[in-house]
Amino acid sequence: MKKTKDENTEEQILEAAKSVFQSKGMDGARMQEIADKAGINKAMLHYYYRSKQLLFEAVFNNAFSLLAPQLNAILNDDSSIEDKIKNFTSNYISFIVKHPYLPNFIIQELNRNQDFILKLKDKGFPNIEKFKKQVNEDVAKGLIKPISAEQLFINIMALNIFPFVAKPLIMAFTNSDDKNYKLLMEDRKTEVANFIINSIKTT
């Protein structure tokens, strides 16, 4: 019974923390608010997670462990490069809309600790070797314009990640509220994919 109770409490904490981190961000989140939302006292919260950083990492790891396999599956299935771009973009944007703290957290951690990337690689970090091979083969066949697979992948990542990292800036430039911003992100599922595909197609 105790083990089940502990697991339930931890799940409550992670759900509460995810909600607070999404609305307040890492810097704005307070342990007391997370404890209140989880229905426990602050001492109990610190028993499970000694610091806000450790709690943030737990929330992040939980989310990343769901995202990484999805992206890995897309990159390594037998679909065409065009379908890979469409599926990668759609899945990534859908996921980040539900977990908007992830891109900023990754950048924050990389700036603070470059070894953080090693932790990600231990958690099923997406492998792009098959993607690279396909791109090189399609370039050789004349199906897509000459481009290095690495540059193409960076383009895909950059166009997908930037609108979330720069959300306040995007909202200001487009004069958007949260509702309109979400609609813009929904449109990007096709806009980004079409933009990239059209940029590399030979015909």
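Nothing here was measured: the structure is a model prediction, and the numbers come from that model.

Caption draft 1: Spotlight on the UniProt feature "DNA-binding region" (unreviewed entry) in the chain. According to UniProt, the "DNA-binding region" (unreviewed entry) feature falls on residues 30-49. Its end C-alpha atoms 13 Å apart, residues 30-49 is made of 75% helix and 0% strand.

Caption draft 2: Main features of the environment of Ile200. With respect to the secondary-structure elements, Ile200 resides in helix α11 (residues 178-200). Along the sequence, Ile200 and Ile144 sit 56 residues apart, while their C-alpha atoms lie 5.2 Å from each other. In this view, Ile200 contacts Ile81, Ile85, Leu143, Ile144, Lys145, Ile147 and Leu152; residues no more than four positions away in its chain are not counted.

Caption draft 3: Structural context of the pattern of salt bridges. One pass over the full model with this rule turns up 9 salt bridges. One network of salt bridges, with partners in common, ties together Glu129, Lys132 and Glu150.

Caption draft 4: Highlighting the nonpolar core. Ile13, Phe21, Ile34, Leu45, Leu55, Ile85 and Phe131 are the most contacted members of the largest nonpolar core, which has 58 residues in total. Look past the residues within four positions of Ile34 in its chain and what remains in contact with it is Ile13, Ala16, Ala17, Val20, Phe21, Leu45 and Leu55.

Caption draft 5: Representation of the environment of Phe116 within the structure. Tracing the backbone shows Phe116 in helix α7 (residues 116-121). Judged by its relative accessible area of 2%, Phe116 is buried. On a C-alpha basis, the gap between Phe116 and Ile106 in space is 8.4 Å, while along the polypeptide they are 10 residues apart. Setting aside its immediate chain neighbours within four residues, Phe116 contacts Phe60, Phe105, Ile106, Glu109 and Leu110.

Caption draft 6: Focus on the UniProt feature "domain: HTH tetR-type" (unreviewed entry) in the chain. In this numbering, the UniProt entry assigns the feature "domain: HTH tetR-type" (unreviewed entry) to residues 7-67. Within residues 7-67, the helical portion is 87% and the strand portion 0%, while the C-alpha atoms at the span's ends are 22 Å from each other.

Caption draft 7: Highlighting the domain arrangement of the chain. Under the domain assignment, the chain is made up of domain 1 (1-50) and domain 2 (60-200). Domain 1 and domain 2 are separated by 29 Å when their C-alpha centres are compared. Each partner contributes to the interface: domain 1 provides 4 residues, whereas domain 2 provides 5 residues. Interface area, domain 1 with domain 2, both sides summed: about 410 Å², of which 62% is carbon and sulfur. For domain 1, the biggest contributors to the area lost against domain 2 are Lys18, Gln22 and Met26; these three give 76% of the whole. Our count for the domain 1 to domain 2 interface comes out at 0 salt bridges.

Caption draft 8: Spatial organisation of the side chain of Asp138. In this fold, Asp138 is placed in helix α8 (residues 129-141). Every residue in contact with Asp138, bar those within four places of it in the chain, is listed here: Ile81, Leu143 and Ile144.

What counts as what
- Each chain has its residues counted from 1, following the order in which its sequence is written.
- Local features in this predicted model are restricted to residues of pLDDT 70 or higher, and side-chain atom pairs are both shown and tallied only at a pLDDT of 80 or more, whereas totals for entire chains, interfaces and linings draw on every residue.
- Hydrogens and waters are ignored; side-chain quantities use all the structure's heavy atoms.
- UniProt positions are given in the numbering used here, feature names are shortened, and annotations may be inferred rather than shown by experiment.
- Under the DSSP-based scheme used, a helix requires at least four consecutive residues in state H or I and a strand at least two consecutive residues in state E, with every element numbered from the N terminus.
- Contacts between residues were defined by any pair of non-hydrogen atoms, one from each residue, lying within 4.5 Å.
- Salt bridges are identified by distance alone: a Lys or Arg side-chain nitrogen within 4 Å of an Asp or Glu carboxyl oxygen.
- What makes a nonpolar core is a set of buried Ala, Val, Leu, Ile, Met, Phe, Trp, Tyr and Cys residues whose side-chain atoms join them at distances within 4.5 Å.
- Exposure categories follow from relative accessible area, calculated using a 1.4 Å probe and restricted to protein chains: below 20% of the type maximum is buried, above 50% is exposed, and the middle band is partly exposed.
- Note: domain ranges come from an automatic or database domain assignment.
- Buried area is understood as the total, over both parts, of accessible area removed when two parts are fitted together, assessed with a 1.4 Å probe.

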